[in-house]
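Here are the chains, one letter per residue:
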There are 4 protein chains.
Amino acid sequence: MSRNKIIEAAARMFSRSGYHRTSMDEIALEAGVAKGTLYYHFPGKAQMFQALITEGLQKITETIRSEIDRDRSLREQIETVIRLNVDLYLEYSELAHIFFNEISNGIEEEALLAVRKERSAYIQFIADILVEAGIPPEEGPLAAAGFLSMMNGLCSYYLSRSNEVKREQIDRLLYASVTAVLSPT
Amino acid sequence: MSRNKIIEAAARMFSRSGYHRTSMDEIALEAGVAKGTLYYHFPGKAQMFQALITEGLQKITETIRSEIDRDRSLREQIETVIRLNVDLYLEYSELAHIFFNEISNGIEEEALLAVRKERSAYIQFIADILVEAGIPPEEGPLAAAGFLSMMNGLCSYYLSRSNEVKREQIDRLLYASVTAVLSPT
Amino acid sequence: MSRNKIIEAAARMFSRSGYHRTSMDEIALEAGVAKGTLYYHFPGKAQMFQALITEGLQKITETIRSEIDRDRSLREQIETVIRLNVDLYLEYSELAHIFFNEISNGIEEEALLAVRKERSAYIQFIADILVEAGIPPEEGPLAAAGFLSMMNGLCSYYLSRSNEVKREQIDRLLYASVTAVLSPT
Amino acid sequence: MSRNKIIEAAARMFSRSGYHRTSMDEIALEAGVAKGTLYYHFPGKAQMFQALITEGLQKITETIRSEIDRDRSLREQIETVIRLNVDLYLEYSELAHIFFNEISNGIEEEALLAVRKERSAYIQFIADILVEAGIPPEEGPLAAAGFLSMMNGLCSYYLSRSNEVKREQIDRLLYASVTAVLSPT
DNA sequence: TATGAATGAGGGTTCATTCAT
DNA sequence: TATGAATGAACCCTCATTCAT
């Protein structure tokens, strides 16, 4: 079906050039369909982006959840969450970047709200894991937001200076931060 | 002089609506000058943004440096760095957001590089403080990048949910993270 | 049969939103058929409009003719023509409006000509009645065109200002105009 | 100034092809300016149309008013109003047609209201003249609307069948109608 | 007889930038 | 030093129509 081709093409293009730099023409070209086809499947650019985020996050949360279940110790669980998030970020860096940060720009209001909701849900998803790991419940979402942003920043830095930084450092710094928050002095 | 009026107007508008949502017309209107005047003082929008960032950061680094000098203990210095950064972020949130994240969009290459350089310099500036505070030198920049991003995320979250979160929590979480990195287990 | 459902749906939609504001999607939706079905029954939008007009007018002229036959006096006949025309206009205002005026827009040439022909025929139909009522034959069509347009304008005005105008005024003004033309000073 | 060139070009194009059939590209081409220039002078197509109508009507009402003042008898005044309106209609037929009828289509709400207001004002302007000539005040606007629509229809018919109809017939029919309304039986 | 996914030409609009004054 | 009219490439979106099933 061309809907999938479009979603995938859009993910590629957004991840490569960002939301605004990617034109509908380019997405159509990349997907190998006519421009009008985009509008047959999605009401507009913003809603396409929204669908892409929603459907992507669903897969991601499912993956993380199932991987965590296999782990025994708390430490392993946290390490898995970190590892999977970093993996995903490094693979879809630009898209993840948009998801975490760039949202507020020129996206249509309704779709923007939907994406924000998606983001809140993901933050809550991470927060729940942190709470289970021992963080005070009322601080969970904030800590999760901080964790994800930090990851975002570390990965960005890593991608632009991969010669100076090793991948392990990212995981280690994140792990240190998280455990610091878990058992505050 | 018009130049200052423009810089200030641009800072206000960018901070209010973001880089792309702010048009040159709006900046001219806000500054109370004609559109052409913008191009008399700056080669283009990107360069105006760059000037704004450069000049703003100069003031900021100076402020932080002088405030730190007054502190005695290491702990006080770190707390000051955190406090000042959070203060600035909360005041110029959107602008800070752009500075830390949104850079990759549709900004002209050359100016983009210049802004990235500024950002690297600021990260290095924070890194130097962290190194002085005990972090291994080769990890300074990455840790600083992580710290700034985390602050970014925490403040964003705080701004959108100020009823659920207290300002103190931000500082505390940041402090915990930083110290965790300073003395890894 | 689908064809009828489509014609009726189209009449409703055109009457509600006008020819151009009504999309083929909307007609299909209103008719409860798939979009492709429209093109199974009609070569295109314009031809659908044309069919709608042709078939509608046939019913209308038959109605008027049979109603007139029952009347005895000239005065009654004229009053009946006026009353029926106004009734129809007020019921299918937008459609009637299109029929009388809006034809010249973006309708395909051939269908446009067909609709114009229908309109001429209807004008001639009214003209014949007027001639029978005493108007000079060479002036019949022009007078009929004037009569129909006037009705059009009066009804439009009435529909937009129904609180200021009474339905009877329309009929009265039309009657006065017609009789003035019948027996010029 | 190019604003005038644009208004004139738009009047020509709208008058030739109607509002919807005329694209902004065509107007720009006809005016000899770049497309963007249209948007420098007008917020959009609808507002351009609105400006065109407003400014045109101003000239027209002024012309009619000054010409009427020279006439002595009531009869002359009415004849003048008829003559000038018909003249104008025949010169800018399509534009006048749009002004009187096509308004309701795909024009932006706000501009649409403005044009409707303009039309109401013009109807009132004609109504005032009719009232002065003896028509009951509460019937003035309706009669004026009827008069203008009739003129519209007669002129349209004349333009499409100029070989069958003489210009004088239009004026005569209109005069007969008006006087019939002035002194109802 | 009916479907609906796919098309692509065409339309209105935005906006950073230029330049004569 | 400053202006603002003019530009035009780029963009998002609409919609009548086609066609394989």
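What counts and how
Residues numbered from 1 in each chain as written. Chains lettered and ligands numbered in written order. Predicted model: local features only at pLDDT ≥ 70, side-chain atom pairs only at ≥ 80, totals over all residues. Heavy atoms only, no water. Helix = DSSP H or I, 4+ residues; strand = E, 2+ residues; numbered from the N terminus. Rg over C-alpha atoms; globule rule 2.2 N^0.38 Å. Buried < 20%, exposed > 50% of the residue type's maximum accessible area, 1.4 Å probe, protein only. Areas by Shrake-Rupley, 256 points an atom, 1.4 Å probe, with all protein chains shown as cover. Lys, Arg positive; Asp, Glu negative; His and termini not counted. Charge placed at Lys NZ, Arg CZ, Asp CG, Glu CD. Contact = heavy atoms within 4.5 Å. Near = heavy atom within 4 Å. Polar contact = N/O pair within 3.5 Å; in protein donor to acceptor, adjacent residues only side chain to side chain. Nonpolar A, V, L, I, M, F, W, Y, C, P; charged D, E, K, R; others polar. Salt bridge = Lys/Arg side-chain N within 4 Å of Asp/Glu carboxyl O. Least-squares fit on C-alpha atoms with pLDDT ≥ 70 in both. Buried area = accessible area lost by both parts, 1.4 Å probe. Axes fitted to C-alpha atoms, helices over the stretch in contact; angles between N-to-C directions. Parallel < 35°, antiparallel > 145°, perpendicular 65-115°, else oblique. Left-handed = near helix turned anticlockwise from the far one by under 90°. Domains from an automatic or database assignment.

**Some details on the overall build of chain A**
1) Next: Secondary structure summary: chain A contains nine helices and zero strands in total.
2) Next: The globule rule puts the C-alpha radius of gyration for 185 residues at 16 Å, and the 18 Å found for chain A is close to it.
3) Next: Relative to its full complement of 185 residues, chain A shows a buried share of 54%.
4) Next: On chain A, roughly 8900 Å² of surface is accessible, and the fraction owed to carbon and sulfur atoms is 50%.
5) Next: Distance from the positive charge centre (20 side chains) to the negative charge centre (26 side chains) of chain A: 4 Å.

**Topic: the arrangement of the chains**
1) Next: No interface is formed between chain B and chain C, the nearest pair of C-alpha atoms being 31 Å apart.
2) Next: Taking C-alpha atoms only, the smallest gap left between chain A and chain D, which are not in contact, amounts to 20 Å.

**Section: the protein's contact with DNA strand E**
1) Next: Close contacts around DNA strand E come from 30 residues, with Thr37(A), Tyr40(A), His41(A), Thr37(C) and Lys45(D) the closest.
2) Next: Near the protein, meaning within 4 Å, the atoms of DNA strand E are sugar or phosphate in a fraction of 60%, with bases accounting for the rest.
3) Next: In this structure, Gly36(A) approaches DNA strand E through a main-chain N or O atom, which is 3.1 Å from a base nitrogen.
4) Next: One of the side-chain N or O atoms of Thr37(C) is found 2.2 Å from a phosphate oxygen in DNA strand E.
5) Next: Breaking the surface near DNA strand E down by element, the ones donating at least two residues are helix H3 (35-41) of chain A, helix H3 (35-41) of chain B, helix H3 (35-41) of chain C together with helix H3 (35-41) of chain D.
6) Next: Here the surface near DNA strand E is composed, by residue class, of ten nonpolar, 14 polar and six charged.

**Details of the protein's contact with DNA strand F**
1) Next: Within the structure, DNA strand F sits among 29 residues, and Thr37(B), Ser2(D), Thr37(D), Tyr40(D) and His41(D) are positioned closest to it.
2) Next: The share of sugar and phosphate among atoms of DNA strand F within 4 Å of the protein is 60%.
3) Next: In this structure, a phosphate oxygen belonging to DNA strand F sits 2.8 Å away from a side-chain N or O atom of His41(B).
4) Next: Note that a phosphate oxygen of DNA strand F is positioned 3.0 Å from one of the backbone N or O atoms of Lys45(C).
5) Next: Mapped onto the surface near DNA strand F, the elements with two or more residues apiece are H3 of chain A, H3 of chain B, H3 of chain C together with H3 of chain D.
6) Next: Of the residues that constitute the surface near DNA strand F, the class distribution is ten nonpolar, 14 polar and five charged.

**Section: the interface of chain B and chain A**
1) Next: Across the boundary between the two partners, chain B contributes 34 residues, which contact 34 residues of chain A.
2) Next: In this structure, the connection of chain B to chain A is made through two salt bridges.
3) Next: Put simply, Glu139(A) and Arg172(B) hold a salt bridge, and the shortest N to O gap is 3.2 Å.
4) Next: Joining chain B to chain A, the criterion identifies nine residue pairs in polar contact (both at pLDDT 80 or more).

**A look at the relation of the copies chain B and chain A**
1) Next: Note on the identical chains: chain B maps onto chain A by a rotation of 180 degrees and an axial translation of 0.1 Å, with an RMSD of 0.1 Å. The transformation relating the two chain copies, once decomposed into turn and shift, fits a two-fold axis.
2) Next: Interface overlap between copies: 100% of the residues of chain B at the interface are likewise at the interface in chain A, consistent with a symmetric, same-surface contact.

**Quick look at the relation of the copies chain D and chain C**
1) Next: The transformation that overlays chain D on chain C combines an axial shift of 0.0 Å with a rotation of 180 degrees, and the residual RMSD is 0.1 Å.
2) Next: Looking at the interface residues of chain D, 100% of them are also at the interface in chain C, so both copies use one shared face.

**Things to note about the interface of chain D and chain C**
1) Next: Opposite the 34 residues of chain D that make contact, chain C presents 34 residues.
2) Next: Summed over both sides, the interface between chain D and chain C buries roughly 3000 Å², with carbon and sulfur atoms accounting for 57% of that surface.
3) Next: One can count two salt bridges joining chain D with chain C.
4) Next: Counting across the chain D and chain C interface gives nine residue pairs in polar contact (both at pLDDT 80 or more).
5) Next: Secondary-structure elements contributing two or more residues to the side of chain D that touches chain C are helix H6 (93-102), helix H7 (109-132), helix H8 (140-160) and helix H9 (167-182) of chain D.
6) Next: If one sorts the elements of the side of chain D that touches chain C by residue count, H8(D) sits on top with eleven residues.
7) Next: Here the side of chain D that touches chain C is composed, by residue class, of 14 nonpolar, 13 polar and seven charged.

**Digging into the environment of Ser23(B)**
Residue and element names in this part refer to chain B.
1) Next: Structurally, serine 23 is set in the loop between helix H1 (2-17) and helix H2 (24-31).
2) Next: Serine 23 sits in the partly exposed class, given a relative accessible area of 30%.
3) Next: Distance from serine 23 to lysine 45, taken between C-alpha atoms, is 8.8 Å for residues 22 residues apart in sequence.

**Details of the packing of helix H5 (residues 74-91) of chain C against helix H7 (residues 109-132) of chain C**
Residues and elements named next belong to chain C.
1) Next: Two elements in contact, H5 and H7, have axes separated by 10 Å at closest approach and are oriented at 160 degrees. By the angle between their axes, H5 is roughly antiparallel relative to H7. In the packing of H5 onto H7, the handedness of the crossing is left-handed. Contacts between H5 and H7 involve Leu74, Val81 and Asn85 on the former and, on the latter, Tyr122, Ile126, Ile129 and Glu132.
2) Next: Across the contact of H5 with H7, the residue classes break down as five nonpolar, one polar and one charged.

**Section: the side chain of Ser149(A)**
1) Next: Here Ser149(A) is to be found in helix H8 (residues 140-160).
2) Next: On the basis of relative accessibility, which here comes to 12%, the residue Ser149(A) falls in the buried class.
3) Next: Only 3.5 Å separates the side chain of Ser149(A) from the backbone nitrogen of Gly153(B), close enough to count as a polar contact.
4) Next: Not counting chain neighbours up to four residues away, the residues in contact with Ser149(A) comprise Ser149(B), Met150(B) and Gly153(B).

**Things to note about the domain arrangement of chain A**
Residues and elements named next belong to chain A.
1) Next: Domain assignment breaks chain A into domain 1 (1-41) and domain 2 (46-182).
2) Next: On the domain 2 side, the residues contacting the 14 residues of domain 1 number 15 residues.
3) Next: Buried area between domain 1 and domain 2, both sides added, is near 1200 Å², and the carbon and sulfur share of it is 71%.
4) Next: Applying the counting rule to domain 1 against domain 2 returns one salt bridge.
5) Next: Across the pair glutamate 55 and arginine 3 runs a salt bridge, and its minimum N-O distance is 3.1 Å.
6) Next: Applying the counting rule to domain 1 against domain 2 returns two residue pairs in polar contact (both at pLDDT 80 or more).
7) Next: Of all the secondary-structure elements, those providing two or more residues to the side of domain 1 that touches domain 2 are helix H1 (2-17) and helix H2 (24-31).
8) Next: In terms of residue count, the dominant contributor to the side of domain 1 that touches domain 2 is H1 (nine residues).
9) Next: Within the side of domain 1 that touches domain 2, the residues separate by chemical class into eight nonpolar, four polar and two charged.

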